[in-house]
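Coordinate analysis (summary)
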Amino acid sequence: MTGTWKSTHSGAWAVDDSEARYGPQVALVVVDLQNDFADPAGSLPVRGGAEIVPSVNAEIQRALAAGAEIAYTQDWHPAHTPHFAQDGGIWPVHCLHDSWGAELHPDLSVKGPIVRKGTHGEDGYSGFSMRNPAGGLPVTTGLDAELARAGVESLVICGLATDYCVKATALDGVRLGYETAVLLDAIRAVDLEPGDGDRALAEMAEAGVVLVGIRAATS
Ligand code: VGL
Ligand code: ZN
């Protein structure tokens, strides 16, 4: 479906053209829509995280109707990883393997493969590639292989969080040669610093990611 995106040169947000988005060479990638991020009782709650579930599910229906591939990423950490503050990183313990917090949100419609990241203690954010805890070398997650197997050329990305895993996944998507779009009403930011979400959007637009839809007021 090359050529269906509206141009966002100079950072202007594109208008939603949802009906035209999907085809067999397009994949919807739902990033880290997990309890620890989406549920207010989670260990790293993203403000408004659960609010996006209905728009993500609606998007999943559109993708299904068009025969598009749908893939999910899942943050899946061991008890100790340089990703966590207790081990030298910056985050509270979250998305511990096999825990409630790591489960995908219970209302999320799951219609495709789930790709886990961080399983062996890797640090990082992208759904495509993380860094080996010893030495920092990149470790691929299997998402690129999964998409290549399905003949995917374009990505539509949504989920959590705008300023970390959504951004890193979208930037890697562009680097790997996918035409990459992000859905503004189906993402939310951690905003450790106010404005992080907006800066992430600007960074993605600058890299050639097409920002689609209406930007959420909460950024
Ligand atoms: C994420 C912080 C730590 C994310 C994952 O999914 O955006 N953020 N781990
Ligand atoms: Zn994490």
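Just above sits the structure.
Residues numbered from 1 in each chain as written. Chains lettered and ligands numbered in written order. Predicted model: local features only at pLDDT ≥ 70, side-chain atom pairs only at ≥ 80, totals over all residues. Heavy atoms only, no water.

A closer look at the site of ligand 1
All residues in the neighbourhood of ligand 1 are listed as Asp 32, Phe 37, Asp 75, His 83, Trp 91, His 94, Tyr 125, Leu 160, Ala 161, Tyr 164 and Cys 165. Within the side chain of His 94, one N or O atom sits 3.1 Å away from a nitrogen atom of ligand 1. Isolated, ligand 1 exposes 260 Å² of accessible area, and the fraction of that covered by the protein chains is 100%. In a pocket analysis with a 2 Å cut-off to the grid points, ligand 1 is assigned to the largest cavity. Across the shell around ligand 1, the residue classes break down as seven nonpolar, two polar and two charged. (Near = heavy atom within 4 Å. Polar contact = N/O pair within 3.5 Å; in protein donor to acceptor, adjacent residues only side chain to side chain. Areas by Shrake-Rupley, 256 points an atom, 1.4 Å probe, with all protein chains shown as cover. 1 Å grid on protein atoms, 1.4 Å probe; cavity = no way out; pocket = protein on both sides within 12 Å on 5 of 7 lines; lining within 4 Å. Sits in = over half its atoms within 2 Å of the grid points. Nonpolar A, V, L, I, M, F, W, Y, C, P; charged D, E, K, R; others polar.)

Details of the sheet that holds strand β1 (residues 26-31)
In spatial order, the strands read β3-β2-β1-β6-β7-β8; together these six strands make up an open sheet with parallel pairing. With one partner strand each, in any of the chains shown, β3 (114-117) and β8 (210-212) form the two edges of the open sheet. Taking each pair of neighbouring strands and ignoring which way they run, the sheet shows an average axis angle of 25°. With three bridges connecting them, strand β7 (residues 179-188) and β8 associate as parallel partners. Bridge pairing links Leu 183 to Val 212 in β8. (Pairing = 2+ DSSP bridges. Helix = DSSP H or I, 4+ residues; strand = E, 2+ residues; numbered from the N terminus. Axes fitted to C-alpha atoms, helices over the stretch in contact; angles between N-to-C directions.)

Details of helix α2 (residues 53-65)
Since there are 3.6 residues in each turn of an α-helix, residues three or four apart along the chain are aligned in direction. Under the 1.5 Å per step criterion, the end-to-end length of α2 is 18 Å for 13 residues, consistent within 8% with the ideal 18 Å. When α2 is considered as a whole, its buried residues turn out to be Val 53, Val 56, Asn 57, Glu 59, Ile 60 and Ala 63. When α2 is viewed along its axis, its buried side chains cluster within an angular range of 160° and face the same direction. Exposed residues pointing more than 90 degrees away from the buried face of α2 are listed as Pro 54 and Ala 65. Buried residues in α2 make contact with β1, β2 (69-75), β6 (154-160) and β7. Of the residues trailing α2, Gly 67 is marked for its positive phi of about 75°. (Expected span 1.5 Å × (residues − 1). Buried < 20%, exposed > 50% of the residue type's maximum accessible area, 1.4 Å probe, protein only. Arc of directions from axis to C-beta. Contact = heavy atoms within 4.5 Å.)

Comments concerning empty space enclosed by the protein
Considering all chains together, one arrives at two cavities of 30 Å³ or more under this definition. In this structure, the largest cavity occupies an estimated 120 Å³ of space. A breakdown of the residues in the lining of the largest cavity according to their chemical character gives 10 nonpolar, three polar and two charged. (Points joined across faces, edges and corners; volume = space filled by probe spheres on them.)

Notes on the pattern of salt bridges
Tallied over the entire structure, the rule returns 11 salt bridges. Residues Glu 146 and Arg 149 are paired through a salt bridge, measuring 2.6 Å at the closest nitrogen-oxygen approach. Of the two residues, Glu 146 and Arg 149 both sit in helix α3 (residues 143-149), three residues apart, roughly one turn of that helix. Judged by its relative accessible area of 19%, Glu 146 falls in the buried class. The partner of Arg 175 in a salt bridge is Asp 172, with the nearest N and O atoms 2.4 Å apart. Here Asp 172 and Arg 175 lie together in helix α4 (residues 162-175), a separation of three residues that amounts to about one turn. Owing to a relative accessible area of 61%, Arg 175 belongs among the exposed residues under this scheme. Each of Arg 21, Glu 59 and Arg 62 takes part in a single network of salt bridges with overlapping partners. (Salt bridge = Lys/Arg side-chain N within 4 Å of Asp/Glu carboxyl O.)

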